[in-house]
Amino acid sequence: MKNPDKIQKNATDKTPMSEAELRKKLTPEQFHVTQEHGTERAFSHPYYNDKRSGMFRCVVCGTPLFSSDAKFASGTGWPSFTETEGTVTTHDDSSYGMRRTEVRCANCGAHLGHVFPDGPGPTGLRYCINGCALDLDTEGKSGK
Ligand SMILES: [Zn+2]
């Protein structure tokens, strides 16, 4: 199994936006989740059950994060993926009395969700991601 801490950070061009710009661009829920480490309610966002193919991009900066090829039905009520496009960073998160690994967009630092070591093969990982932090691009499967 791949160690989530070893995931390559290969997006380098940071595009910082002011809080005012972000509040204009994002819905209140998107802002809360991506900027304030919020969590949407399970089953609240249609992406958890979305079967379309494409590239899930960062809702803040558009970086390709997860391919629909890596998506699987986890039953948790959040979009779940077994691997990333190599464009996320992981961080220890001990909030709420739990030891979890937080997942952020490597380009803009947006909070996306968490990764757990109980996913299906071959990676054994389950990236549990807030649907409202993602933007499905059905045209851009390769993401490159
Ligand atoms: Zn981003």
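We now turn to the structure provided with this report. Not measured: the values here are computed from a predicted model. (Residues numbered from 1 in each chain as written. Predicted model: local features only at pLDDT ≥ 70, side-chain atom pairs only at ≥ 80, totals over all residues.)

Turning our eyes to something else, we now look at the overall build of the protein. Helix and strand content of the protein: two helices and nine strands. Listing every helix and strand of the protein by position from the N terminus yields α-α-β-β-β-β-β-β-β-β-β. Contacts in the protein between residues at least 24 apart in sequence constitute 60% of all its contacts with a sequence separation of at least 6. (Helix = DSSP H or I, 4+ residues; strand = E, 2+ residues; numbered from the N terminus. Contact = placed C-beta atoms within 7 Å.)

A few words now on the sheet that holds strand β3 (residues 71-72). Spatially, the six strands line up as an open sheet ordered β3-β4-β8-β7-β6-β5, and their pairing is antiparallel. Across the chains shown, the open sheet's two edge strands, defined by having one partner strand only, are β3 and β5 (88-93). Note: strand β6 (residues 100-105) against strand β7 (residues 111-116), four bridges, orientation antiparallel. Bridge pairing links Glu-102 to His-114 in β7. (Pairing = 2+ DSSP bridges.)

What follows covers helix α2 (residues 28-36). Of the residues making up α2, those classed as buried are Gln-30, Phe-31, Val-33 and Thr-34. Packed against the buried residues of α2 are α1 (19-25) and β7. Following α2 by one or two positions, His-37 has its phi on the positive side, about 55°. (Buried ≥ 20, exposed ≤ 12 C-beta atoms within 10 Å, placed from the backbone.)

It is worth spelling out the sheet that holds strand β9 (residues 134-137) at this point. Strand order across the open sheet formed by three strands is β2-β1-β9, with antiparallel pairing between neighbours. In this open sheet, the two edge strands, each paired with only one partner strand, are β2 (64-67) and β9. Taken pair by pair, the neighbouring strands of this sheet meet at an average axis angle of 35°, ignoring direction. Where strand β1 (residues 55-58) meets β9, four bridges bridge the pair, whose relative direction is antiparallel. Residue pairing for β9: Cys-58 is matched across the bridge by Leu-134. (Axes fitted to C-alpha atoms, helices over the stretch in contact; angles between N-to-C directions.)

For the rest of this paragraph, the subject is unusual backbone geometry. Trans peptide bonds make up the majority, and among non-glycine residues the majority have a negative phi. Put simply, Gly-121 and Pro-122 share a cis peptide bond, and its omega is 0°. Inspection of the secondary structure puts Pro-122 in the loop between β7 and β8 (126-129). One non-glycine residue, His-37, lies in positive phi territory at about 55°. Positionally, His-37 belongs in the loop between α2 and β1.

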